[in-house]
Amino acid sequence: MLWNKKVLATLISCALTATTSLSAYAATTLKLSHNQDRTHPVHKSMQFMAKEVKALTHGEVRIRIYPNGQLGTQRESMELLQNGAIDMVKSNASELESFEPAYGAFNIPYIFHDKAHFYRAITGDVGEKILASSHDKGFVGLTYYDAGARSFYAQKPIKSPSDLKGMKIRVQPSPTAVEMIQLMGGSPTPLAFGELYTALQQGVVDGAENNPTALTSARHGEVVKYYSQDEHTIIPDVLVISSKVWDKLPADQQAAIKKAATDSMMYHKDLWTKMTDKAIEKAEKSMDVKFVKVDKQPFIDAVKPMHDKALKNPAIASYVQQIDALAK
Ligand code: GCU
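The name given to the chain in an unreviewed UniProt entry is C4-dicarboxylate-binding periplasmic protein, with the source organism recorded as Vibrio quintilis.

What follows is the structure, encoded as structure tokens:
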């Protein structure tokens, strides 16, 4: 694995050197890594964005998208970005929390009252401030993509926190996700998304939590048969660009990329709803997954201390207050 990573990093930086030396004569090509497959809505929304960037810059900036984690897991991709080997990454707030604590504000369970509240945050001032917060950590956020609400899935229904007792639940490598599972009474097991199918199949973990597209596009519904809709978090996907790359771009190209990114967030909004509905239908009809309605209150009560604690944490308190103020 380590060997592979090193080889990959070397190959990529050779390719990048070639691109850079040509850049006086040719277009700038930005490499974008993400871990979903080509049928996933977020891949399609980023294709939309790449097309718009090309049009707005008259072909001077092109974005080449590498899906399926082929350039590494989300974490490895962020490390490659910080080392200058790749230019853009589509990650999510959960994973980014370890690189920039501000993203942790999104990861607090039940912070959003509903989807409208979530959209007010990601399209408002607080959303922009969080995107801009990481410049000194080597990356700048460009936009958010809806990734729905996350719920538990396992071989049995999970209708209350007590059902999680003794269960190993895969989480993303995020301190907030780990704490959430602990407070609910389960055993958190951080793993990369790409390792999860096998981990579920081999019983390395007993369950996981994600939006319904994980059942279909990542095929977890082949292995796991109950999706219990407690909707504990609404965690956005986030498109980021290397600060070094960003700072070198002329203002008109920065404006074009920012506009295309924002437009693709709105394009994604409808696409996400349509494709999630389709994923649920496919999971139920062709994969035999049962969707279970859940009383959310016991889950909300179990994680209440997290919200209280966040309001006392200087790294995120002001973001949490601003998100809370957008609830109606
Ligand atoms: C979501 C998210 C991915 C993330 C995945 C995970 O699907 O869109 O960016 O990797 O959750 O649980 O790891």
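After that view, the rundown keeps rolling.
Student: Describe in detail the overall build of the chain, supporting the description with residues and values.
Tutor: For the chain, the helix and strand inventory stands at 13 helices and eleven strands. Against the globule reference of 20 Å for 328 residues, the chain gives a C-alpha radius of gyration of 20 Å, in line with a compact fold. For the C-alpha atoms alone, the extent of the chain along its principal axes is close to 60 × 40 × 35 Å. Across the 328 residues that make up the chain, the buried fraction comes to 54%. For the chain, the share of sequence-separated contacts (at least 6 apart) that also reach a separation of at least 24 residues comes to 75%. Counting every atom, the chain has about 14,500 Å² of accessible surface; 55% of that belongs to carbon and sulfur. Counting 39 positive and 35 negative side-chain charges, the chain places the centres of these two groups 4 Å from one another.

Student: Can you lay out the confidence of the model for the chain for me, pointing to particular residues and giving the numbers?
Tutor: Scored by pLDDT, the chain has a mean of 94; 92% of the residues are at 70 or more. For residues 17-25, every residue scores under 50 in pLDDT, and the model assigns this stretch two contacts once sequence neighbours within four places are set aside.

Student: Give a detailed account of the packing of helix H6 (residues 125-132) against helix H13 (residues 317-325), specifying residues and quantitative values.
Tutor: Relative to each other, H6 and H13 sit at 155 degrees, their axes nearing to 9 Å. Looking at the two axes, H6 sits roughly antiparallel to H13. Regarding H6 and H13, the two cross each other, and that crossing is left-handed. Here H6 contributes Val 126, Lys 129 and Ile 130 to the contact with H13, which in turn contributes Tyr 319, Gln 322 and Ile 323. Its residues assigned to classes, the contact of H6 with H13 shows four nonpolar, one polar and one charged.

Student: Tell me about the site of the ligand, residues and numbers included.
Tutor: Surrounding the ligand, one finds Asn 35, Gln 36, Gln 74, Lys 90, Asn 92, Arg 150, Arg 170, Gln 172, Phe 193, Asn 210, Asn 211 and Asp 237. Take Gln 74: an N or O atom from its side chain is 2.6 Å from an oxygen atom of the ligand. Out of a free accessible area of 310 Å², the ligand has 99% covered by protein chains. By residue class, the composition of the shell around the ligand is one nonpolar, seven polar and four charged.

Student: Provide a residue-level description of the pairing of strand E6 (residues 168-171), including the pertinent values.
Tutor: As defined by bridge partners, E6 adjoins strand E7 (residues 187-190) across four bridges and the pair is classed as parallel. Bridged to Arg 170 within E7 is Thr 189. The parallel pair E6 and E7, bridged by helix H7 (residues 175-184), forms a crossover whose chirality is right-handed.

Student: Describe the environment of Met 275, listing the residues and the values that go with them.
Tutor: Along the chain, Met 275 turns up in helix H11 (residues 251-287). As for Met 275 and Leu 81, which are separated by 194 residues in sequence, their C-alpha atoms are 30 Å apart. With residues near it in sequence (within four places) discarded, Met 275 still touches Thr 39, Pro 41 and Lys 44.

What counts as what
- Residues numbered from 1 in each chain as written.
- Predicted model: local features only at pLDDT ≥ 70, side-chain atom pairs only at ≥ 80, totals over all residues.
- Heavy atoms only, no water.
- Helix = DSSP H or I, 4+ residues; strand = E, 2+ residues; numbered from the N terminus.
- Rg over C-alpha atoms; globule rule 2.2 N^0.38 Å.
- Buried < 20%, exposed > 50% of the residue type's maximum accessible area, 1.4 Å probe, protein only.
- Contact = heavy atoms within 4.5 Å.
- Areas by Shrake-Rupley, 256 points an atom, 1.4 Å probe, with all protein chains shown as cover.
- Lys, Arg positive; Asp, Glu negative; His and termini not counted.
- Charge placed at Lys NZ, Arg CZ, Asp CG, Glu CD.
- pLDDT = per-residue confidence, 0-100.
- Axes fitted to C-alpha atoms, helices over the stretch in contact; angles between N-to-C directions.
- Parallel < 35°, antiparallel > 145°, perpendicular 65-115°, else oblique.
- Left-handed = near helix turned anticlockwise from the far one by under 90°.
- Nonpolar A, V, L, I, M, F, W, Y, C, P; charged D, E, K, R; others polar.
- Near = heavy atom within 4 Å.
- Polar contact = N/O pair within 3.5 Å; in protein donor to acceptor, adjacent residues only side chain to side chain.
- Pairing = 2+ DSSP bridges.
- Right-handed = clockwise from strand over helix to strand, strands pointing away.

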